[in-house]
Amino acid sequence: QVQLVESGGGLVQAGGSLRLSCAASGSIFSLNAIGWYRQAPGKQRELVARITNGGSTNYADSVKGRFTISRDNAKNTVYLQMNSLKPEDTAVYYCNARVVTSLSSPTYNYWGRGTQVTVSS
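1. Thoughts on the packing of aromatic side chains
Using the criterion set out here, one finds 1 aromatic pair in the structure. The side chain of arginine 19 reaches across the aromatic face of tyrosine 79, ending 4.0 Å from its centre. The ring of tyrosine 94 carries the charged tip of arginine 45 above its face, separated from the ring centre by 3.7 Å.

2. Notes on the pairing of strand S3 (residues 18-26)
Bridging between strand S1 (residues 2-7) and S3 involves 6 bridges; their strand directions are antiparallel. Paired with glutamate 6 across the strands is cysteine 22, a residue of S3.

3. Brief notes about unusual backbone geometry
Of note in the backbone geometry, asparagine 76 takes a positive phi value of approximately 50° without being a glycine. As for its position among the elements, asparagine 76 is in the loop between strand S7 (67-72) and strand S8 (77-82). For serine 84, which is not a glycine, the phi torsion comes out positive at approximately 50°.

Cut-offs applied
- Residues numbered from 1 in each chain as written.
- Predicted model: local features only at pLDDT ≥ 70, side-chain atom pairs only at ≥ 80, totals over all residues.
- Heavy atoms only, no water.
- Phe/Tyr/Trp six-rings, centres within 6.5 Å; stacked < 30°, edge-to-face > 60°.
- Lys NZ or Arg CZ within 6 Å of the ring centre and 35° of its normal.
- Pairing = 2+ DSSP bridges.
- Helix = DSSP H or I, 4+ residues; strand = E, 2+ residues; numbered from the N terminus.

Right, here's the structure in full:
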């Protein structure tokens, strides 16, 4: 079993910054692509940023130039640095990871429980 625990959310004024963390633990043989998603009330969950185990990244157009995703493979942790926050960034942010649990296992998809980010105007 694998657990993903997000932290770092909170309330911030527009223009401010937050840094989210997603720590993976449990039966991890290989931690592959990890992504941050968000879901605002009444909206579908959307991809915010994603990073592969090789370090390649991609971002939603709405956050390009403001958000940066990074990973510390030694700690099995992924970060999302969010700068110049806007009220429309308000959402629950979820971590998603593609995990191989043993040498012979397939790749499994795991989700964290989410962390709330609220940006006031």
